[in-house]
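# A look at the structure
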Amino acid sequence: MASDADTTGPPEGSAEAAALRYLTTRDLEEKQTPLPRDLPWSGWRLPVATKLAPGRPAGLEVVAKAPKGPSAGALRRPEARAQLIHTFWHHELQAAELFCWAALRFPDTPEEFRRGLLALCRDEIRHMGLYRDYLADHGVAIGDHPVRDWFWERIPRCTTPRAFVATLGIGFEGGNLDHTRRFAEIFRAHGDERGAELQDKVGREEVAHVRFAWRWFHTFGDGGFDAWAEALPDPLSPLLMRGRPLHRAARRRAGIDEVFLDALETYVGQP
Ligand SMILES: [Fe+2]
Ligand SMILES: [Fe+2]
């Protein structure tokens, strides 16, 4: 098996095949379709030299630099809110794909970990559906705005599963607990209760994702805030991974301790 790993893909019907298929497909409907549950893991190994890149539907323009997002004040306009939700849809897409990436990139992790990654992937696809429905009701289709694969440009620098959960899970999904609360308030202030509830719901559901990352970070190794910051691939900094204010209650629900939260809240960067 190992000798022909460079030339053959994963066996049909395996979890690895589903993950690879989801990641690489250029079909928008397939990107919106959850991976089946309980697929068997075949033990197929992604060749180390293989670089995985996400398939992008023809109608979704990827740009090197995304136009600046709307300011909090601009979000009084429904079109600006829809544009922001389009960006959020694409964040969910990248997260879904990157969970597949990690499941393929780290085949030596416990199967429970990789199964968990694909379960999170299904959650992200569901979130994409919620955002897509919101967009449809605002007359916006996926692809009406260009996207930037910001997370894809960064997360694959993680060379270990510990770095992966530190960066995507504790880092970016943790930050999203702060951001969703802030955006829920902004949407609500502009009378967009549906948009606000969507942020509340996604924020609530992301708690389990951060908890998953926190748990596995400590299964893969020891340490608190400093070890976490150390695990982030250059040049990613904790500064990118928190919103203002920190949603401490949500982060606590994810299992993160007070010492870590204090350190994150007061972090000012490398001297
Ligand atoms: Fe999500
Ligand atoms: Fe998530």
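Residues numbered from 1 in each chain as written. Chains lettered and ligands numbered in written order. Predicted model: local features only at pLDDT ≥ 70, side-chain atom pairs only at ≥ 80, totals over all residues. Heavy atoms only, no water.

### Observations regarding the coordination of the iron ion (ligand 1)
Four donors placed tetrahedrally around a metal ideally meet at 109.5 degrees, and six donors placed octahedrally ideally meet at 90 or 180 degrees. Coordination of the iron ion (ligand 1) by the protein involves Glu92 (OE), Glu124 (OE), His127 (ND1) and Glu206 (OE), with metal-donor separations of 2.0 to 2.3 Å. Geometry at the iron ion (ligand 1) is irregular, judged from its four donor atoms and the angles of 85 to 161° they form at the metal. For the iron ion (ligand 1), the single-chain donor residues occur in sequence as E-x31-E-x2-H-x78-E. Here the iron ion (ligand 2) and the iron ion (ligand 1) are spaced 3.6 Å from one another, each receiving a donor from glutamate 124. Taken together, the positions of glutamate 124 in helix α4 (residues 111-137) and glutamate 206 in helix α6 (residues 193-220) put the pair 82 residues apart, joining distant regions of the chain. Just as glutamate 124 is buried, glutamate 206 falls in that class too. (Donors = N, O, S within 2.8 Å, 3.2 Å for Na, K, Ca; no water. Tetrahedral: all angles 85-135°; square planar, octahedral: opposite > 155°, others 65-115°. Helix = DSSP H or I, 4+ residues; strand = E, 2+ residues; numbered from the N terminus. Buried < 20%, exposed > 50% of the residue type's maximum accessible area, 1.4 Å probe, protein only.)

### Focus: the side chain of arginine 114
Assignment of secondary structure puts arginine 114 in helix α4. The buried charged residue arginine 114 lacks any salt bridge, with glutamate 16 as its nearest oppositely charged partner at 4.6 Å. Every residue in contact with arginine 114, bar those within four places of it in the chain, is listed here: Trp41, Ala103, Phe106, Pro107 and Thr109. (Lys, Arg positive; Asp, Glu negative; His and termini not counted. Salt bridge = Lys/Arg side-chain N within 4 Å of Asp/Glu carboxyl O. Contact = heavy atoms within 4.5 Å.)

### Remarks on the nonpolar core
Membership of the largest hydrophobic core comes to 82 residues, with the highest contact counts inside it found for Tyr22, Trp101, Phe164 and Trp228. Elements with a minimum of two residues in this core: α1 (15-24), α3 (78-105), α4, α5 (161-189), α6, α7 (225-231) and α9 (258-266). The element that contributes the greatest number of residues to this core is α3, accounting for 16 residues. If we ignore the near neighbours within four places in the chain, the residues touching phenylalanine 164 are Leu98, Phe99, Trp101, Ala102, Phe106, Leu117, Ile155, Cys158 and Gly169. (Core = buried A, V, L, I, M, F, W, Y, C linked by side-chain atoms within 4.5 Å.)

### Description of the pattern of salt bridges
Tallying each qualifying case throughout the model produces 23 salt bridges. The salt bridge partner of arginine 154 is glutamate 153, with a shortest N-O separation of 3.2 Å. Under the relative-accessibility criterion, glutamate 153 is labelled partly exposed at 35%. In this structure, glutamate 205 engages lysine 201 in a salt bridge whose closest nitrogen and oxygen atoms are separated by 3.1 Å. Highlighted residues: glutamate 205 and lysine 201, both in helix α6, separated by four residues, approximately one helical turn. Overlapping salt bridges, with partners in common, bring together Arg248, Arg252, Glu258, Asp262 and Glu265 in one network.

### Re the side chain of glutamate 97
Inspection of the secondary structure puts glutamate 97 in helix α3. In this structure, glutamate 97 is in contact with Tyr22, Leu23, Lys31, Pro54, Gly55, Arg56 and Trp152, ignoring residues within four places of it in sequence.

### What to know about the packing of aromatic side chains
A full pass over the atoms with the stated rule returns 19 aromatic pairs. Ring geometry for phenylalanine 151 versus phenylalanine 172: centroids 5.1 Å apart, planes at 80°, classification edge-to-face. One end of the pair, phenylalanine 151, is in the loop between α4 and α5; the other, phenylalanine 172, is in helix α5, with 21 residues separating them in the sequence. For the residue pair phenylalanine 151 and phenylalanine 172, the accessibility class agrees, reading buried in each case. Aromatic rings pair up to connect Trp214, Phe225, Trp228, Phe260 and Tyr267 into one cluster. Here the basic side chain of arginine 114 rests over the ring of tryptophan 41, its NZ or CZ set 4.9 Å away from the ring centre. The positively charged end of arginine 154 is found above the aromatic ring belonging to tryptophan 150, 3.9 Å away from the centroid. (Phe/Tyr/Trp six-rings, centres within 6.5 Å; stacked < 30°, edge-to-face > 60°. Lys NZ or Arg CZ within 6 Å of the ring centre and 35° of its normal.)

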